[in-house]
Amino acid sequence: MMAYKNIRAIREDNDITQAQMATYLSISQHTYSRYETGEIEWTAGTLIKVADYFGVSIDYLLDRTTTKELA
């Protein structure tokens with residue numbers, strides 16, 4: 001399983017806690033932590049919500065590009 005370093009980095013850069021993200025996503029903080037460390041796989045729907053929340057592309061979250069901006 002893959003850990004998504006950009007997701008953690010953008011969350012921390014915006015001073016958002018795991019608990020805040022979990023609340024936004026309607027999941028527990030423990031589940032969010034497991035997503036962020038790669039212990040469980042992100043769902044497409046959850047990735048879309050995270051990308052929308054931060055205004056970045058899913059490709060950026062998945063470390064497929066270094067460009068944060070949406071095309």
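Cut-offs applied
- Residues numbered from 1 in each chain as written.
- Predicted model: local features only at pLDDT ≥ 70, side-chain atom pairs only at ≥ 80, totals over all residues.
- Heavy atoms only, no water.
- Axes fitted to C-alpha atoms, helices over the stretch in contact; angles between N-to-C directions.
- Helix = DSSP H or I, 4+ residues; strand = E, 2+ residues; numbered from the N terminus.
- Parallel < 35°, antiparallel > 145°, perpendicular 65-115°, else oblique.
- Contact = heavy atoms within 4.5 Å.
- Nonpolar A, V, L, I, M, F, W, Y, C, P; charged D, E, K, R; others polar.
- Buried < 20%, exposed > 50% of the residue type's maximum accessible area, 1.4 Å probe, protein only.

### Description of the packing of helix H2 (residues 18-25) against helix H3 (residues 29-37)
Here is step 1: Running from N to C, H2 and H3 cross one another at 105 degrees; their axes reach a closest spacing of 8 Å. If you check the angle between H2 and H3, you find them roughly perpendicular. In contact with Gln 18, Ala 19, Met 21, Ala 22 and Leu 25 of H2, H3 contributes Gln 29, Tyr 32, Ser 33 and Glu 36.
Here is step 2: Among the residues making up the contact of H2 with H3, the classes are represented as five nonpolar, three polar and one charged.

### Observations concerning unusual backbone geometry
Here is step 1: Phi at Asp 15 is positive, roughly 55 degrees, even though this residue is not glycine.
Here is step 2: Tracing the backbone shows Asp 15 in the loop between helix H1 (5-13) and H2.
Here is step 3: For Asp 15, a relative accessible area of 67% puts it in the exposed group.
Here is step 4: Unusually for a residue other than glycine, Ser 26 sits at a positive phi of about 60 degrees.
Here is step 5: For Ser 26, the location among the structural elements is in the loop between H2 and H3.
Here is step 6: A relative accessible area of 66% means that Ser 26 is categorised as exposed.

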